[in-house]
Amino acid sequence: MTGDALSPEAVAVLKAGYAGHSGAKSRRLYLALYDLLASAQLAADTQLPASRVLAPVLGVGRNTVTATYQQLADEGLLYTAQRGGTRVRAQTGAAPATGERLGPETACGGRLSRRATADAVRERPLALCPGEPDSTLFPRQAWSRALARAGRSADAKLGYRYDAGEPTLREAIARYLASWRSLSVDPACVLITASTRQSLAIAAGLYADPGDTAWVESPGYSGASQAWRLLGLQLKPLAVDGEGLVCPADLAGARLLYATPCFQYPAGHGLAPARRRALLARAADAGTVVFEDDYDSEFRDDSQPRPALASAAASQGATVVHAGTFSKLMFPAVRLGWMVLPVGHVPAAMGVMRSLGGGHNAVQQRAVASLLDDGTVARHLVRARAEYGRRRRALIDTLANSPLRVRNGSGGLSLVIDLPAPVDRGRLVRALHGHGLGAHPLEALDLNADSASPCRALVVGTGNLAVADTVCAAGRLIDAWQAVHPLA
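Owing to the predicted nature of the structure, the values given are computational and were not obtained by experimental measurement. (Residues numbered from 1 in each chain as written. Predicted model: local features only at pLDDT ≥ 70, side-chain atom pairs only at ≥ 80, totals over all residues. Heavy atoms only, no water.)

### Considerations on the packing of aromatic side chains
Right, on to step 1. For the structure shown, the criterion picks out 12 aromatic pairs.
Right, on to step 2. Geometrically, the ring pair formed by Y176 and W338 is edge-to-face, given 6.3 Å between the ring centres and 70° between the ring planes. Taken together, the positions of Y176 in helix α7 (residues 167-180) and W338 in strand β11 (residues 337-340) put the pair 162 residues apart, joining distant regions of the chain. Neither Y176 nor W338 differs from the other in exposure class; each is buried.
Right, on to step 3. For the ring pair F263 and Y295, a centre distance of 5.8 Å and an interplane angle of 25° mean the geometry is stacked. One end of the pair, F263, is in the loop between β8 (254-259) and α10 (273-286); the other, Y295, is in the loop between β9 (289-293) and α11 (313-316), with 32 residues separating them in the sequence. The two residues F263 and Y295 agree in class, both being buried.
Right, on to step 4. In this structure an aromatic cluster arises from ring pairing among Y176, W180, F326 and W338. (Phe/Tyr/Trp six-rings, centres within 6.5 Å; stacked < 30°, edge-to-face > 60°. Helix = DSSP H or I, 4+ residues; strand = E, 2+ residues; numbered from the N terminus. Buried < 20%, exposed > 50% of the residue type's maximum accessible area, 1.4 Å probe, protein only.)

### Structural notes on the nonpolar core
Within soluble globular proteins, side chains that are nonpolar tend to cluster in buried spots.
Right, on to step 1. With 55 residues, the main nonpolar core has W143, L169, F326, M330, W338 and V368 as its most contacted residues.
Right, on to step 2. Only α6 (140-152), α7, β3 (190-193), β8, α10, β11, α13 (362-373) and α14 (376-399) provide two or more residues apiece to this core.
Right, on to step 3. Residues L256, V289, M339 and L341 belong to the second largest nonpolar core, which totals 27 residues. (Core = buried A, V, L, I, M, F, W, Y, C linked by side-chain atoms within 4.5 Å.)

### Let's talk about empty space enclosed by the protein
Right, on to step 1. According to the stated counting rule, one finds one cavity of 30 Å³ or more in the structure shown.
Right, on to step 2. In this structure, the largest cavity occupies an estimated 40 Å³ of space.
Right, on to step 3. R181, D294, Y295, E298, H322, A323, T325 and W338 are the residues that line the largest cavity.
Right, on to step 4. Looking at the lining of the largest cavity element by element, the count peaks at three residues for strand β10 (residues 320-325). (1 Å grid on protein atoms, 1.4 Å probe; cavity = no way out; pocket = protein on both sides within 12 Å on 5 of 7 lines; lining within 4 Å. Points joined across faces, edges and corners; volume = space filled by probe spheres on them.)

### Section: the pairing of β9
Right, on to step 1. For β9, a buried count of five out of five residues is recorded, marking the element as mostly surrounded by other parts of the structure.
Right, on to step 2. Burial along β9 is two-sided: V289, F291 and D293 facing one way and V290 and E292 facing the other are all buried.
Right, on to step 3. Here β8 pairs with β9 via four bridges, running parallel. For A259, the partnering residue across the bridge sits in β9 and is E292.
Right, on to step 4. As a crossover connection, the stretch from β8 through α10 into β9 is right-handed. (Pairing = 2+ DSSP bridges. Right-handed = clockwise from strand over helix to strand, strands pointing away.)

### Some points on the sheet that holds β8
Right, on to step 1. Spatially, β3-β11-β10-β9-β8-β4-β5 is the arrangement adopted by the seven strands of the open sheet, whose pairing is mixed. Two strands bound the open sheet, and with one partner strand each, they are β3 and β5 (234-238). Sheet twist, expressed as the mean angle between neighbouring strand axes with direction ignored, is 20°.
Right, on to step 2. Running over the sheet, helix α8 (residues 196-207) touches β3, β8, β9, β10 and β11 and is turned about 175° from β9.
Right, on to step 3. Contacting β4 (213-217), β5, β8 and β9, helix α9 (residues 222-230) runs over the sheet at an angle of about 155° to β8. (Axes fitted to C-alpha atoms, helices over the stretch in contact; angles between N-to-C directions. Contact = heavy atoms within 4.5 Å.)

As structure tokens, then:
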């Protein structure tokens, strides 16, 4: 479309664009004009209609047209000529029109890396999903009140935060660790993070360089291997048995080691005392930093939580980073966790967290601190532990007379079920999803397992279904296995 003045065709396109957009009149006019200009449909120096002419055509006020022209002129798309009205400025290149909508049918540009392809998030059902707590158990009103109080606090810091976290929360966590983990720490050693995965990334940035070696439990928490592999660490698997991880005789060259010593995931075994001592001694000799993930020891339904591995580290000369979150203590959406570090490493850890893009929600941190201090979290923990225990026992009892065998464990929000015979892993996953179940193969958590290897065991969640629903889900679990078992 060329010429000294806007052609009738261009006016028709502008009207159609205005009608096609939603929102306030000023926004619709801006987007319609931007589409017309950015798509290079108007030649340079084309004159636009005066505001008194265009306004009635579109049914908007003259001030709306004038303001829109001025904004587009400020953005370099229009200019005002002396006595020549508002005109189109010459464009160096066409830009995509704003009317284009990204959706499932839109072609994806750019090639994904192998790592991104392997780690892509795929939706799966939540029923029997391992490690999934029931967020409805936490008293919602108490959380709302605490959040409101924290938001009204006159000294709440609402700007960007790149520190170790809200002092009140660091102090509350130190008290909690002393009570529940036999871990006595100064609040200055506590760094507030957003999640265990962020804590893992901070530990990798703090203690290792790309290409360095790290040991991880296998089978174990896939988030640890994903986080450290993403940051370029070379992973080695640590075998696991009924006494926890099997520590290699020599850790030389390993910068980091990931462990769940109080409550191994997913098997549920605690690290035997002799192995705890051996792990600390060998880590101290090799200079390996142990990352202790204490993910849901509170929910062991047969005993009190064991002392944290970090509580014995100093006497052995080892460095243990103790990490945890409020995802199970409260609910996952709170998105708060912590790391206990040597106090001299905290400033460097804050720098790593800033490089990773981490910051702090000071209001949320204050709310959590108040709920720790007034006993709300402790009371919730007692109630939730009893309820999760009932749900776990309901699942075990329902499966008792089936071919599926539950391994011995120590409670928590997941358990391992052995299959009577190996089955095709892909077929089983599809059958599980088809029955609305989020359980997944144990082999998916094993660094040594090939993707084509058969499934011999399942990791099943016990936390996010009420007792009656748990019984129904257990029946569907049996049906899913029978659907793929060669002898069923």
